[in-house]
Every structure is written in C-alpha cells, then in structure tokens.
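Understanding the architecture of this molecule
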Amino acid sequence: MDLVSGYKGVVGLVFGNEKSGSSNEDSYVERLLDCISNGKLSEDRRTAMLELQSVVAESSNAQLAFGAMGFPVMMAILKEERDDVEMVRGALETLVSALTPIDHAKGPKNEIQPALMNADLLSREADNISLLLSLLSEEDFYVRYYTLQLLTALLTNSPNRLQEAILTIPRGITRLMDMLMDREVIRNEALLLLTYLTREAEEIQKIVVFEGAFEKIFSIIKEEGGSDGGVVVQDCIELLNNLIRKNGSNQVLLRETIGFDPFMSILKLRGSTYSFTQQKTINLLSALETLNLLIMGGSEADHGKDANMLTNRTTLVQKKVLDHLLMLGVESQWAPVAVRCAALRCIGNLIAGHPKNLDALASKFLGEGPQEPALNSVLRIILRTSSMQEFVAADYVFKSFCEKNADGQTMLASTLIPQPHSMAHAPVEEDVHMSFGSMLLQGLTLSENDGDLETCCRAASVLSHVMKDNIQCKERVLRIELEAPTPSLGASEPLMHRVVKYLALASSMKNKDGKSSGNSYVEPIILKLLVTWLSDFPSAVNCFLDSRPHITYLLELVSNSSTTVYIKGLAAVLLGECVIYNKSVESGKDAFTIVDSISQKVGLTSYFLKFDEMQKSFLFTSARSTQPRKQLTRSASASMVEIEDVDENNLLDQKNEDHPVLSSIFDAPFVNLVRSLEVNIREKIIEVYSHPKSKVAVVPAELEQKSGEIDREYIKRLKAFVEKQCSEIQVLFCVHKLLASRFLCVIFGTMKSVF
C-alpha cells in the first residue's frame, strides 16, 4: 500500500489552499498525534506517524504545531516502545523533519524559524539527549542512522546545549566514538557529528582523543585511499584539525603515540602521473592546514608552546616532510595553484627561526636530470610564475629563510656575480645552470629593454630579504657594478643606480588618465629594497647621493599628488635615511643640503604629513607577521580552492589595500622598521634645520696650535685673533645699523608721500 501517495491527496485538500488558516494545520497535527498516542490498532498508529512525518517535512506551520504538542509523544515512544522498531524509526524520522529548515524563498526575512525553535525545545531537557545517545546501542541500522542525523541537526542549531549535555552523560562521547567502527553510512554520519562537536569544545576534544580518535581517524583515511579518497577523508582531516588546533597537549599525544608517519602518507603523491580532482585538492589543502597547526605548536596562551613548536618542526623535518612539500609546491607544477601556494607557505613556516631546518632546506637539491639547489627552483618560480599568489608564497620562503639567518644571507649574497652582458639575456631554459645570484641579477636586469618591470620588482623583493639587517651583504651588493647595455654608453654603473632608474621608469609609465599603467606594487617593492639597503648603512647613502638627480626625483615623488600614500610615504622615508645616515661633508651631499631641499621643494610640514598619512593607511594599521588562514570546513572548501586560483588580471582591479602583494610587502617587521625610522628622521631633521650650516663651519686653521708652539705664544695668538674678530663684528654691527636706518627712512618717506 502506497501510504505516502494516498496521504498527499488528503493533505492537498487541507493544506493546498494558501488561504487556509494555520488552525486547520494545528488541528490536523493534533489529530495525528492523538492517533499515535491513543490509537488502538498498530497499523493506524504507524499510518498516522508516516503522515505526520510527511506533513512536518513540508509545512512550516505544521512544524510549529508539532513543536507545541509533539515532543512528549515522540519521546514517550523512544523511551517506552523500543521493541516496536518501526514506530521508533518513524518517531526519529519525524523529529529529524521537525528540526530541518524548510526553504521559503518568498517568505519575509524576519519570519519565525520553526526548525530553530524545535531544536531549542528538544535540547532544553538533558534527559532527551541522554535518551537519544542510548539509542546508538540499538541493533537496528536505521535507528542508529536517524539518531545520528537528529543529533547533528541539534548540534547545528543548539551547539552549546548539546555539548554541555553530552559532557554530563556517562559514556556519551564513548558511544559516539563507537559509531566510527560501524557500517560505512553510520560511520560517515558519526564522523560528521564529531567534526561539528569538536570545533570549539576543548573538553570534548580531550575526551575524543582519549577514546582513541587519532588511530581511528588515520585508519579511516587509509581505508578510503588517503588524499585520493572522497569527502570522508576531508571530514577525517577536519576532525583531526579540530583536535590539534590551539591544543598543544593533543599535539604532544599525537606525536608520542602514533607519531607523524600516518600523516606523512596523506601528503605523499602516488604513481608516475598525478591527477588532481577538486576533492583531492581539498584533501591536500586540509592536510597542509594540519601541518601548519603542528608547526605553530598550539595556543599562544600555552606556556609550553615554544618547546612543542620546536619539537614538532624538528620531528617533521626528520620525517622528510620537506621532500613532500617541495614535491607539492615546487616540482609538481601541474598541481593546482592553491596546493602549490599552501605547500610553499608551509615551507616558510617550517624553517622560520629554526637553524637546523634552514640548513636542511639550503642543502636540498631537486630534479631528476641536472639537479639544482631547491632555493634556485623557488627563485625561478618567483621570476616566472603568472600567479600573484604563487609569487607571494614563494617570496615568503625567502623571507623566512633570510630572517635572522646571517649565514644563509651571506651564502646567497656570495653568489651575486654579474654575468657578461652577452650572457645576461641568455634563454631562460639555460638558467638551470646558473647560480642563485646570477639568476637573481638576471631577473633584476631582464626587463630594462622591454619596459616590463614585473620580473625586476620580484627580484628586488628577494634581494631586500638577502640584505635585511646584514651590513656585510649590503656592502657586497653595493660593490656590484653592471655593464652598460652597449659599450658606447661608457663605463659600468652601480647596481643601486640601475635600481633607481627602474623606479623612475615605473613611475613614468602612465596611461591616458594619469594613473599608473603598471602593477600597483612595482614601485613599493623597489622603494622597500632601497629603504632596506640604506637603513643603518652610510656607504649606501653616499652611493645613492653620488647621482644628484636621485634626490630631485625623490622630492618629486613625495610631492606627486597622483601617487599613492604608500609610494609618497616610502619616498619620504628614503629621503629621511639620506639625512640620518649621512656622513658626508661634501657640499651638495651633506645632511643640511638634503634638509634644505626638502624644506624648499616640499615644506617640512607637508613632508612630515606623508608619514602620518602612511601610518593611518589600512596596510599599516593591519600589518601582521603572518596572515591567519581560514579553517577549511566543508562549507568553505570549494570557495577556498577557487579564491586561491585567481587570475592575475582580476587582481589588478582590486583596491591597493586588497592586493596580496602589497599586504606581503607591508608585513609587521617592515612596518616596525619604518616606524622606528620615522622617529629618528623627525628628530634629526628638526635638529639639522634648527642649526644652520654656517654654525657648524670647519674650525679655521689659525686656531689650531702649531707644531712646536709653546702654550704662552699660542694663547697670545688666540687673544689677538679674538680681538680682531671682535673688531670686525663691531664694524659689521655699525654697517648693519646704518643700513637699517636708511631702510626705515625710505619706508617712512614712501608712506609720507602716500598720505
């Protein structure tokens, strides 16, 4: 007998008319509940249960009516009629329908949500949760399945109450964990429920781990085929991430019980040809998120975070995680850009501040034929990739490698040997044979003829990391001179002057609207390189000032109303460095000349305003060391994959503040450097401006004591010199007084003629 089809005809009469009042629905639900509760024949009760489940699934008014009257009836069946499996199934299915929202596109936004109200009513009584958990021990498959669905619906709508109730029920978590070893459909529902349950509840996380969650998670992942598996693998990794996120003790337990080997198997690519479906991409992104959580070591509030972080990073590299990451991020160029970027960020996080891991990366070689250092391969990605996100991620590897790693910086700087001009434009296919430095310098000079400064600015970003806080590296780079493009142009020029030339070229590339036609980050990156180079390094300042147009160009850049606050601000910082690190006494290059030029061409008030505008900008106020990554949940996974794989052209339409490259430039260390420089620049400029150059003149030679001159004669000569100066000053005073009198006479004479 098709009860559902027969029922729909009756329901069509009662509920089909939109003008029918809710009182009809209330009374119909009430009659069905009465039949279920007091009916004499089992068949009638079961038919009524089926009809009730169907109407509650289709009508919001019926859901409201059920919430007002139905819960006591359903819970009584679950409690007292366990032997009647069909009625228990029907009761659970009806409860699931009552807690499932019905989408009404035409309904008002502020309309009451019956499903939320019903979830609230059901979860108010802790005994109801306990009763539902007890049903997980029933033998019937559908009873267990619908119970898990009901608990998931409750957790979605009333998470806190369900979490609190489960914690108070003896063996509540244990029963849920047992479901992970059940049949596949039950297991998957239990996995989804546990994933929701552990997102924020630390106590539940601990109990789940104590119940053997790690072993069960990796067992399921292996059974499902690792990263090649379906959405179940994604759910397993999400549950794993919930258990170790900001939880150092669980990370320690994972490391010291089953270890990191099962996790490494997820990252390992299998087969000679690799295919990346969307689900495999999501699975790998989720696993890379796991890796980042282990690298970070736990919550900031955890006192043992640093020790745990150090141990995790050391152990992971011992387990050859760098090999897997280099395969995903560098060697597998057929992998989705989202995976490559995530792997590169993991490499950066893994080596940051860890000497052994830094050495491990520096010693890695890649390639099956002619092998090359891994760092060279990462540099090639920076110079060649068409993806902005991949450039930022690869650049982050060098940022992490060079930070507080003087030996590593020196190693990279030692390879900076310019190639002959004939070799500098060799085919890019041959750069596998180049040293790191030669490839970097080629990238810096590659674009000088075609006007495309993209590669140049990317190479400049890497060079700024190599020189950061390292005087020896700055000195070595300062000595680099490049051949003139053609012999007829004369002698070679310093690399610094070539970089400034590119900066001027970037600012001159304007379109018809007067706006920059190049990428919005080219000038800021080159300016960052120069700011880093000149910082605390007078020799670089002297080299910069060797070309007089450099200061003129910077003054124009600061005054240019069409440039961004970042460009004007960084140009102002660069000018300030030419003051505070200026050791020159040569006329036209000393600090006073620079300050005087700023005062004349820009004005000190306007100049200092450039600092204030930059400090108040979005990128400065939101600068942070590392950008927090969004949790990769089921709902966010597809969009995360799409967001990571954005075409470069789409990024050019974004606001400056939104550009990923600009966000990476203005990271916390650089912002802090600029802020500290600003304080020193303001103080020094005010000091220089308040003491004119004449007051700091060189001491005359006649005031110095001559060789062999006795003190008495020296004092006598000094006295004569002072008397002579006093006499000259008196004469000048008289002349000044006479000129002032004549000037006043002229003024008064003019006024008298007017009146």
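Note that the structure is a prediction, hence the values are computed from the model and not measured. (Residues numbered from 1 in each chain as written. Predicted model: local features only at pLDDT ≥ 70, side-chain atom pairs only at ≥ 80, totals over all residues. Heavy atoms only, no water.)

1. Here we look at the overall build of the protein
Across its full length, the protein holds 42 helices and four strands. Here the protein holds 755 residues, and 50% of them are scored as buried. Across the protein, every contact between residues at least 6 apart in sequence was considered, and the portion connecting residues at least 24 apart equals 71%. Approximately 36,700 Å² of the protein is accessible, and the part contributed by carbon and sulfur atoms is 54%. (Helix = DSSP H or I, 4+ residues; strand = E, 2+ residues; numbered from the N terminus. Buried < 20%, exposed > 50% of the residue type's maximum accessible area, 1.4 Å probe, protein only. Contact = heavy atoms within 4.5 Å. Areas by Shrake-Rupley, 256 points an atom, 1.4 Å probe, with all protein chains shown as cover.)

2. Looking at the nonpolar core
Generally speaking, soluble globular proteins have nonpolar side chains that are buried together. Among the nonpolar cores identified, the biggest contains 221 residues, and Met 74 and Trp 533 are the most heavily contacted of them. Each residue touching Trp 533, except ones within four places of it in the same chain, is listed here: Met 467, Lys 474, Val 477, Leu 478, Leu 495, Met 496 and Ala 540. (Core = buried A, V, L, I, M, F, W, Y, C linked by side-chain atoms within 4.5 Å.)

3. Notes on the packing of helix H3 (residues 42-58) against helix H6 (residues 85-98)
The geometry of H3 relative to H6 is characterised by a closest axis approach of 8 Å and an angle of 15° between their N-to-C directions. Considering the angle they form, H3 stands roughly parallel to H6. The handedness of the crossing between H3 and H6 is left-handed. Mapping the contact onto sequence places Arg 45, Arg 46, Met 49, Leu 52, Gln 53, Val 56 and Ala 57 in H3 and Glu 86, Met 87, Gly 90, Ala 91, Glu 93, Thr 94, Ser 97 and Ala 98 in H6. Of the residues assigned to the contact of H3 with H6, the class counts are seven nonpolar, four polar and four charged. (Axes fitted to C-alpha atoms, helices over the stretch in contact; angles between N-to-C directions. Parallel < 35°, antiparallel > 145°, perpendicular 65-115°, else oblique. Left-handed = near helix turned anticlockwise from the far one by under 90°. Nonpolar A, V, L, I, M, F, W, Y, C, P; charged D, E, K, R; others polar.)

4. Examining a nonpolar patch on the surface
Taken together, the side chains of Leu 64, Ile 112 and Met 117 make up a nonpolar region of the molecular surface, amounting to roughly 250 Å² of accessible area. Relative to the helices and strands, Leu 64 is located in helix H4 (residues 60-69). (Patch = residues over 30% accessible without salt bridge, like charges linked within 9 Å, V, L, I, M, F, W, Y side chains within 5 Å. Salt bridge = Lys/Arg side-chain N within 4 Å of Asp/Glu carboxyl O.)

5. Here we look at the packing of aromatic side chains
Evaluated as defined, the whole model comprises eleven aromatic pairs. Arranged with centres 5.5 Å apart and planes meeting at 40°, the rings of Phe 398 and Phe 436 form a pair that is tilted. Of this pair, Phe 398 sits in helix H24 (residues 388-402) while Phe 436 sits in helix H27 (residues 436-445), placing them 38 residues apart in sequence. On the basis of relative accessible area, Phe 436 is assigned to the buried category, the value being 4%. Ring pairing ties together the aromatic residues Phe 141, Tyr 142, Tyr 145 and Tyr 146, which thus form one cluster. Against the face of Phe 391 rests Arg 458, its NZ or CZ located 4.9 Å from the ring centre. Here the basic side chain of Lys 528 rests over the ring of Phe 670, its NZ or CZ set 5.0 Å away from the ring centre. (Phe/Tyr/Trp six-rings, centres within 6.5 Å; stacked < 30°, edge-to-face > 60°. Lys NZ or Arg CZ within 6 Å of the ring centre and 35° of its normal.)

6. A word on helix H18 (residues 278-296)
Its 19 residues place the ends of H18 27 Å apart at the C-alpha level, agreeing with the 27 Å of an ideal helix rising 1.5 Å per residue. Within H18, 16 of the 19 residues are buried, which leaves it mostly tucked inside the rest of the structure. Just downstream of H18, Gly 297 is the residue with a positive phi angle, here 85°. (Expected span 1.5 Å × (residues − 1).)

7. Quick notes on the packing of helix H21 (residues 337-351) against H24
Between H21 and H24, whose axes approach to 8 Å, the crossing angle comes to 10°. Between H21 and H24, the angle falls in the class roughly parallel. Between H21 and H24, the contacting residues are Val 337, Arg 340, Cys 341, Leu 344, Arg 345, Ile 347, Gly 348, Asn 349 and Ile 351 on the first element and Gln 389, Glu 390, Ala 393, Ala 394, Tyr 396, Val 397, Ser 400 and Phe 401 on the second. In terms of residue class, the contact of H21 with H24 is built from ten nonpolar, four polar and three charged.

8. Some details on H21
In an α-helix, one full turn covers 3.6 residues, which means residues spaced three or four apart are oriented alike. With 15 residues, H21 extends 21 Å from end C-alpha to end C-alpha; this agrees with the ideal 21 Å at 1.5 Å per step. Among the 15 residues in H21, 15 count as buried, and that is most of the element. One or two positions beyond H21, positive phi appears at Gly 353, with a value near 70°.

9. Brief notes about the pattern of salt bridges
By the definition in use, this model includes 28 salt bridges. Between Arg 340 and Glu 390 there is a salt bridge, and its shortest N-O distance comes to 2.8 Å. Note that Arg 340 is positioned in helix H21 and Glu 390 in helix H24, a separation of 50 residues in sequence. One salt bridge in this structure joins Glu 493 and Arg 498, with 2.3 Å as the shortest N-O distance. Here Glu 493 matches Arg 498 in class, with each residue buried. Put simply, Asp 120, Arg 124 and Arg 161 are held in one network by salt bridges that share partners.

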